[in-house]
Amino acid sequence: LEVEIVADGKKIPATTENISCGGMYIATHKPFIDESTIKLAFKLPDEQKKIQMKAEVVRTSNNDKNPSGVAIRFNQHLDNENLLAISRFIKNKLH
């Protein structure tokens, strides 16, 4: 999924490597500070509305085993409507 990250007032286009109801891993070469808050915007297939939220940076990785990127946690920043949309997306991908 294409994701737009807003950090320090700058928009950074990126792509998700995976997504769950609790967070996502985003492929990006931009370093982020662990435990910092960023803004995300992304649109799920078959959904009309773009999901926009704040999220917490859990870790940044840049090694040979994983693509460079950032793991983020949705936490309390994800409302029920968007949580259900993400859950539907995941279920559809598994079937």
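Quick note: structure is the one above.
The following refers to the structure shown. (Residues numbered from 1 in each chain as written. Predicted model: local features only at pLDDT ≥ 70, side-chain atom pairs only at ≥ 80, totals over all residues. Heavy atoms only, no water.)

**Some details on the sheet that holds strand 3 (residues 23–27)**
One key point about sheets: their strands pair by backbone hydrogen bonds, in either a parallel or an antiparallel sense. If you walk around this closed barrel you meet the six strands as 1-2-3-6-5-4, and the pairing is antiparallel. On average, each strand axis in the sheet is tilted by 45° relative to the strand beside it, whichever way the strands run. Relative to strand 2 (residues 10–19), strand 1 (residues 2–7) runs antiparallel, the two sharing six bridges. Within strand 2, the residue paired with Glu4 across the bridge is Pro13. (Pairing = 2+ DSSP bridges. Helix = DSSP H or I, 4+ residues; strand = E, 2+ residues; numbered from the N terminus. Axes fitted to C-alpha atoms, helices over the stretch in contact; angles between N-to-C directions.)

**Observations concerning the nonpolar core**
Ile5, Met24, Ile26, Leu40, Phe42, Ile72 and Phe74 are the most contacted members of the largest nonpolar core, which totals 24 residues. When residues of this core are traced back to their parent elements, those giving at least two are strand 1, strand 2, strand 3, strand 4 (37–42), strand 5 (51–61), strand 6 (69–73) and helix 1 (80–94). (Core = buried A, V, L, I, M, F, W, Y, C linked by side-chain atoms within 4.5 Å. Buried < 20%, exposed > 50% of the residue type's maximum accessible area, 1.4 Å probe, protein only.)

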